Amino acid sequence: MNKPIRRLAVFAMALFGVLLLNVTYIQAIQAEDLQTHPFNARQFADRMVQPRGPIIIGGEKVAYSKKIKNDDKYQRHYENGQNYGHVTGAFTPIGATGLEKADNALLNGSDDRLVVRNFLDMLTGKEQQGASLELTIQPKAQQAAIDGLGATGKRGAAVALDPTTGAVLASASLPSYDPSDISSVTNDKERAANFERLEKDESRPMVNRAFSETYFPGSTFKIVTAAAALENGASPDSTQEAPDELTLPQGGTLPNAGGGSCNGGSPDTLSHSIEMSCNTSMANWAISLGEGKMEEQAKKFGFNTPGLKIPTDIATSKYPTGLNGSQLGQTGIGQFDVRATPLQMAMVAGAVANGGDVMKPYLVEEAKAPDLSRIEKGGGETLTSAVSSGTADSLKEMMIGVTEGADASGPNAKIPGMQVAGKTGTAETGEGANSHNWFISFAPADDPQVAVAVVVENGNASGGEVAAPIAKSMMEAVITQ
Amino acid sequence: MTNALSTQLPPVKRRNAELVMVLVAVGITLFAMIETGLTRNGELPGDLFLYGGLFGGLAILAHVFIRFFAPYADPLLLPLAVLLNGLGMAMLYRLFESTWHNLSGAKLEEAMESGSASGQLQWTALSLVVFAVIVYFLKEPRVLQRYPYIMALGAVVLLMLPLIPGLGATINGARQWVVVAGNSLQPSEFAKIALVIFLSGYMVTKRDVLSLASKRIKVGNFKIMDLPRMRDLAPMAVMWGFCIVVLVILMNDLGSSLMLFGTFLAMIYVATERGSWIVIGLVAFFGACTLLYPFVSHFRVRMVTWLDAFNPQVYCTDEFLNNPDAFCGGGSTSQQLVKGLFALAEGGITGTGMGGGKPANVPEIQNDFIFAAFGEELGLTGIMVMLLALALLAQRGMRIALASKELFVKMFASGISFLIAFQSFVVIGGVTRVIPMTGATIPFVAKGGSALLSSYIMLALLVRMSHNARKPAPQAIQDEGATQVFSR
């Protein structure tokens with residue numbers, strides 16, 4: 001009987017072997033994945049018992065932690081959540097979004113730069129505290145963006161940048177939501193019901209369209225096409241064929257907006273093509289430049305470059321590759337598979353305003369430790385050099401023409417007493433669907449203080465009609481600040 | 001038993017080694033409590049000396065008792081049991097007593113209802129009394145062989161007690177409890193031991209029939225396997241029917257079902273040395289499970305929460321919390337399992353230290369999931385110690401089976417040892433997602449009277465059998481030529 005007993009003993013040992021291997025796998029190898037698993041509320045719930053640093057906009061705390069009565073947990077409160085919810089994001093017992101997630105380590109105090117201070121606090125028995133974040137957002141510009149978009153009754157997004165530093169002065173996305181609705185620590189049921197309602201809403205109010213959504217940029221992308229042309233030897237007076245309807249190399253035709261004419265059907269100058277937003281000549285520019293040069297120029301503006309964090313994650317804007325001639329022509333006017341976030345288009349306007357350099361956008365002006373010493377200061381970082389300053393000047397002149405020229409497509413963005421440089425866009429979104437309406441601009445043209453991009457989803461009008469007034473009021477809000 | 005000589009154990013007592021190891025185990029327990037107190041409340045536990053005195057005293061008493069009444073017993077058995085019992089108690093202290101610091105009045109009373117280390121200590125005392133009684137009175141374990149069918153009946157009655165209305169109670173979804181005088185007991189803990197006794201006795205008498213009579217299945221000249229005769233399958237059929245119908249369908253006691261059937265297969269294999277029994281048993285058991293899958297909802301729930309634990313619908317994220325159509329709309333989620341894994345992950349290799357973790361994040365952690373609390377606070381290091389202690393206990397038991405001479409004792413010792421190993425596997429495997437969660441208790445570690453008591457009964461049986469196996473052969477009391485008298 002000893003042989004089977006021995007085998008049984010080996011089997012019993014094997015059972016323990018399986019358990020040992022498995023716990024080793026879980027605790028040594030899988031541990032990090034599990035610790036950061038989206039279901040794992042610990043990574044946030046642990047933080048529920050610590051006060052997080054506040055998020056400050058325009059001197060006011062828009063997100064702050066407050067101790068819950070008779071509990072050792074803290075509740076995150078949001079002021080004016082409908083306006084700032086997309087910027088701050090939400091800190092909930094089951095996770096975090098937006099800046100709350102991106103700068104979690106600073107806000108909860110676990111960031112390396114706070115470690116020494118926290119260690120000292122621990123020794124003296126003080127509670128660990130997080131850093132406070134002062135944002136670059138200007139309340140007036142933000143309000144102008146929200147009001148302007150709200151007045152259209154449509155969905156959309158608007159971004160304003162300081163072109164010389166990269167500071168994000170406004171970032172609005174409609175429809176919006178209030179993070180307070182989904183961050184209650186004490187009322188799980190209500191929180192879950194609110195979350196479900198927002199999640200199921202087909203207008204997707206929790207998506208930050210300014211940072212996370214990509215659209216066809218339409219005619220605003222002609223700035224990139226023009227930049228590629230200028231960088232490759234063309235001048236504002238160089239011409240391309242501009243028929244009323246362009247027959248594309250691989251079949252299909254491309255008409256001008258509203259079936260109109262650019263230069264009476266004659267070849268049109270680059271400058272005039274931008275001013276009145278000519279489709280056929282710009283498509284010809286793209287075809288004559290070729291995919292390589294177009295892609296290179298788009299990349300210099302920030303397209304096809306994943307991983308931009310401001311510190312919130314920004315969706316990657318795309319210029320497609322592997323195109324045939326017809327598709328290449330369409331990309332020249334921001335159609336086919338060109339996709340851009342509103343932030344990306346603001347960066348394009350900003351680069352033109354800033355002598356050709358794209359400044360890295362940033363949301364946090366200053367991060368301060370609890371003792372008010374500065375930990376981090378944002379801004380001043382050049383992301384890429386998109387065009388030469390000469391090209392930037394030429395583009396600026398063309399964009400001024402968009403608001404002031406004889407055939408101006410965006411006169412609605414004009415601000416009395418200064419020159420405004422802009423570009424309209426009306427992106428076709430498919431057969432029978434209403435177009436997205438864009439406007440990108442900066443002002444004052446001679447001393448740029450603000451660059452904006454506005455998109456109104458399915459506005460069913462032209463960018464100059466719907467989006468330009470919003471851009472104008474945002475620019476005014478910044479300049480008259 | 002051709003190799004009987006090689007399996008003999010030398011008649012060495014090593015009681016002092018046992019004493020040292022028992023003291024080390026008690027020391028580990030007290031250190032765990034001290035760390036808990038310092039971490040959680042910033043001071044030594046107020047009742048440290050009470051626990052130290054009582055638990056340490058009980059352990060030393062048990063050692064002294066063995067020294068006198070079972071001096072040749074394996075010196076590792078008691079220290080391993082004390083270590084596991086002590087760790088369990090220290091963790092209960094951490095989960096309960098150390099968190100009552102700022103409570104008072106009604107809140108304190110409410111907190112005390114769910115368990116306590118002091119309760120565990122009381123059960124340890126009672127268990128050690130029972131331990132002593134068994135070691136002292138059961139001089140020859142083979143007397144148990146005389147009543148196999150009474151044992152079988154006892155096992156069945158114990159298992160089915162919870163089904164009696166008024167007496168039985170459903171706790172955490174499984175109907176495996178009886179409530180006696182305010183204490184909830186799990187009779188299945190004792191039924192397992194009764195069943196091992198019955199199987200040992202039954203198999204010893206039926207061994208030849210079960211292992212020899214067979215039908216050989218051949219394909220051409222190629223032997224596939226020897227199948228038992230139809231009528232010899234009766235005991236397996238009864239066992240199978242009981243495990244499936246009563247335990248799974250009626251009582252939702254998957255843990256007991258798995259453990260009893262597993263032990264049954266192990267023992268029939270030890271008795272007959274025929275793999276065909278295992279094949280038939282496994283096919284029958286898992287076949288039945290497959291067939292039942294569509295019909296027995298609580299069985300299905302366990303499978304889904306195991307296999308698909310990280311599905312948002314099964315876990316029940318906020319999105320599905322209010323959705324009656326989601327899987328978790330029925331009230332069953334994989335949250336306990338997944339949160340247990342999160343606790344293990346939080347512990348990592350070295351753990352957070354006793355009192356430094358957040359085990360309360362796992363629902364009902366004081367019961368089956370106490371292993372996750374160890375994983376969080378003692379880390380992989382601590383868990384390995386616990387697993388190795390359990391493995392060592394089972395392996396020492398197997399060694400006793402090898403060293404024993406009587407067939408019944410061999411069956412009995414190996415059955416109990418396998419039960420310890422398999423029970424650990426079923427519960428820890430369930431918590432760590434190796435197998436579906438079934439609900440069972442870690443021997444010696446788990447909270448609760450019946451679990452601890454049954455563990456110490458098994459320990460008593462092993463101590464007694466190991467003493468008998470290792471004690472020196474009786475000496476002839478007269479010189480050669482006279483009739484030799486052996487003492488029993």
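Refer to the structure above for everything that follows.
How each quantity is defined
- Residues numbered from 1 in each chain as written.
- Chains lettered and ligands numbered in written order.
- Predicted model: local features only at pLDDT ≥ 70, side-chain atom pairs only at ≥ 80, totals over all residues.
- Heavy atoms only, no water.
- Helix = DSSP H or I, 4+ residues; strand = E, 2+ residues; numbered from the N terminus.
- Buried < 20%, exposed > 50% of the residue type's maximum accessible area, 1.4 Å probe, protein only.
- Contact = heavy atoms within 4.5 Å.
- Areas by Shrake-Rupley, 256 points an atom, 1.4 Å probe, with all protein chains shown as cover.
- Core = buried A, V, L, I, M, F, W, Y, C linked by side-chain atoms within 4.5 Å.
- Salt bridge = Lys/Arg side-chain N within 4 Å of Asp/Glu carboxyl O.
- Polar contact = N/O pair within 3.5 Å; in protein donor to acceptor, adjacent residues only side chain to side chain.
- Pairing = 2+ DSSP bridges.
- Axes fitted to C-alpha atoms, helices over the stretch in contact; angles between N-to-C directions.
- Buried area = accessible area lost by both parts, 1.4 Å probe.
- Expected span 1.5 Å × (residues − 1).
- Disulfide = S-S within 2.5 Å.
- Left-handed = near helix turned anticlockwise from the far one by under 90°.
- Nonpolar A, V, L, I, M, F, W, Y, C, P; charged D, E, K, R; others polar.

Novice: Can you lay out the overall build of chain A for me, pointing to particular residues and giving the numbers?
Specialist: Secondary structure summary: chain A contains 18 helices and 19 strands in total. By residue count, 56% of the 481 residues in chain A fall in the buried class. For chain A, the share of sequence-separated contacts (at least 6 apart) that also reach a separation of at least 24 residues comes to 68%.

Novice: So what about the overall build of chain B? Which residues, and what values?
Specialist: Along the backbone of chain B there are 19 helices and 5 strands. Burial status across chain B gives 55% buried among its 488 residues. Once local pairs closer than 6 in sequence are excluded, the contacts in chain B between residues at least 24 apart make up 72%. Entry remark: accessible area of chain B is about 20,500 Å², with carbon and sulfur atoms responsible for 64%.

Novice: Got a sec to walk through the nonpolar core? Specific residues and values, please.
Specialist: One finds Phe131 and Leu459 of chain B to be the most contacted residues of the largest nonpolar core, which totals 162 residues. Counting residues per element, this core draws most heavily on helix H18 (residues 407-431) of chain B, at 16 residues. Ignoring sequence-local partners within four residues, the contact set of Leu459 of chain B consists of Leu77, Leu78, Ala81, Phe131, Leu393 and Phe444 of chain B. Grouped together as the second largest cluster of nonpolar side chains are 92 residues, Val87, Ala283, Met398 and Trp438 of chain A included.

Novice: Break down the pattern of salt bridges for me, with residues and values.
Specialist: Summed over all chains, the structure comprises 20 salt bridges over all chains. A cluster of three or more residues bridged by salt bridges with shared partners is formed by Glu134, Glu366, Lys368 and Arg374 of chain A.

Novice: Give a detailed account of the side chain of Ser184 of chain A, specifying residues and quantitative values.
Specialist: All names here are of chain A. Along the chain, Ser184 falls in the loop between strand S8 (168-174) and helix H9 (188-200). Within the structure, Ser184 has its side chain in polar contact with the backbone nitrogen of Thr186 (distance 3.3 Å). One polar contact links the side chain of Ser184 to the main-chain amide nitrogen of Asn187, over a distance of 2.9 Å. For Ser184, the contacting residues outside a window of four places in its chain are Gln75, Pro93 and Arg191.

Novice: If you had to explain the sheet that holds strand S18 (residues 436-443) of chain A to someone new, which residues and values would you point to?
Specialist: Residues and elements named next belong to chain A. Spatial strand order, S8-S7-S19-S18-S17: 5 strands in an open sheet with antiparallel pairing. Each edge of the open sheet carries a strand with a single partner, namely S8 and strand S17 (421-427). Each strand axis lies, on average, 5 degrees off the axis of its neighbour in the sheet, ignoring direction. By the bridge criterion, 7 bridges tie S17 to S18 in an arrangement that is antiparallel. Bridged to Ala421 within S18 is Phe442.

Novice: Account for the sheet that holds strand S15 (residues 374-377) of chain A, naming residues and giving values.
Specialist: Strand pairing in a sheet takes place through backbone hydrogen bonds and is either antiparallel or parallel in direction. Residue and element names in this part refer to chain A. Overall, mixed pairing links the 6 strands, which are arranged S3-S2-S1-S6-S14-S15 in an open sheet. The sheet is open, and its two borders are formed by strand S3 (74-78) and S15, each paired with just one other strand. Across the sheet, the axes of successive neighbouring strands diverge by a mean angle of 20 degrees, strand direction being ignored. Bridging between strand S2 (residues 60-67) and S3 involves 5 bridges; their strand directions are antiparallel. Bridge pairing in S3 links Ser65 to Arg76.

Novice: Any chance you could break down the pairing of strand S5 (residues 222-228) of chain B for me, citing the residues and the numbers?
Specialist: Residues and elements named next belong to chain B. Alignment of strand S4 (residues 214-219) against S5, held across 6 bridges, turns out to be antiparallel. Across the sheet, residue Ser214 finds its bridge partner in S5, namely Pro228. As consecutive antiparallel partners, S4 and S5 are separated by 2 residues, and within that stretch Gly220 has a phi angle of approximately 65 degrees, a positive value.

Novice: Lay out the interface of chain B and chain A in plain terms, naming residues and giving numbers.
Specialist: In this assembly, 59 residues from chain B lie in contact with 40 residues from chain A. For the pair chain B and chain A, the summed buried area comes to about 4,600 Å², and 69% of that belongs to carbon and sulfur atoms. Remark: the boundary between chain B and chain A carries 1 salt bridge. The salt bridge involving Glu273 of chain B is made with Lys3 of chain A; its shortest N-O contact spans 3.4 Å.

Novice: Now, about helix H4 (residues 77-95) of chain B: what can you tell me, with residues and values included?
Specialist: Between its terminal C-alpha atoms H4 of chain B stretches 27 Å, which fits the 27 Å expected from 19 residues at 1.5 Å a residue. Along H4 of chain B, 19 of the 19 residues are buried, which leaves the element largely enclosed by surrounding structure.

Novice: I'd love a proper account of the pairing of S18 of chain A, names of residues and values included.
Specialist: Residue and element names in this part refer to chain A. Extensive coverage of S18 is indicated by the burial of 8 of its 8 residues. Taking every second residue as pointing to the same face, both faces of S18 are buried, with His436, Trp438, Ile440 and Phe442 on one and Asn437, Phe439, Ser441 and Ala443 on the other. In this sheet, strand S19 (residues 450-456) lies alongside S18 in antiparallel orientation, the contact comprising 7 bridges. Residue Ser441 lies in a different strand from S19, and its bridge partner there is Val452. Between the antiparallel neighbours S18 and S19 lie 6 residues.

Novice: Could you give an account of helix H11 (residues 275-292) of chain B, with specific residues and numbers?
Specialist: Residues that lie three or four places apart on an α-helix share one face, since the helix turns once every 3.6 residues. Taking 1.5 Å per residue as the helical rise, H11 of chain B with its 18 residues ought to reach 26 Å, and the 26 Å between its terminal C-alpha atoms agrees with that figure. Looking at the buried positions of H11 of chain B, the neighbouring elements they touch are helix H8 (188-212), S5, helix H9 (234-250), helix H10 (254-272) and helix H12 (297-307) of chain B.

Novice: Got a sec to walk through the state of the cysteines? Specific residues and values, please.
Specialist: A full pass over the atoms with the stated rule returns 1 disulfide over all chains. Between the sulfur atoms of Cys262 of chain A and its disulfide partner Cys278 of chain A the distance amounts to 2.0 Å. Across the disulfide from Cys262 of chain A to Cys278 of chain A, rotation about the S-S bond amounts to roughly 90 degrees, and the bridge is consequently right-handed. Residue Cys262 of chain A is found in the loop between strand S11 (253-255) and strand S12 (268-269), and its partner Cys278 of chain A is found in the loop between helix H12 (270-275) and helix H13 (279-289); the two are separated by 16 residues along the sequence. On the basis of relative accessibility, which here comes to 0%, the residue Cys278 of chain A falls in the buried class. Cys243 of chain B forms no disulfide, and the closest cysteine sulfur to it belongs to Cys289 of chain B, at a distance of 10.0 Å. Judged by relative accessible area, Cys289 of chain B falls into the buried class, the value being 13%.

Novice: Please set out the packing of helix H1 (residues 2-29) of chain A against H10 of chain B residue by residue, giving values where relevant.
Specialist: One way to put it is that H1 of chain A packs onto H10 of chain B with a least axis distance of 7 Å and a crossing angle of 150 degrees. Classified by chirality, the crossing of H10 of chain B by H1 of chain A is right-handed. Contacts between H1 of chain A and H10 of chain B pair Pro4, Ile5, Arg7 and Leu8 of chain A from the former with Ala266, Tyr269 and Val270 of chain B from the latter. Looking at the contact of H1 of chain A with H10 of chain B residue by residue, the class counts come to 6 nonpolar, no polar and 1 charged.

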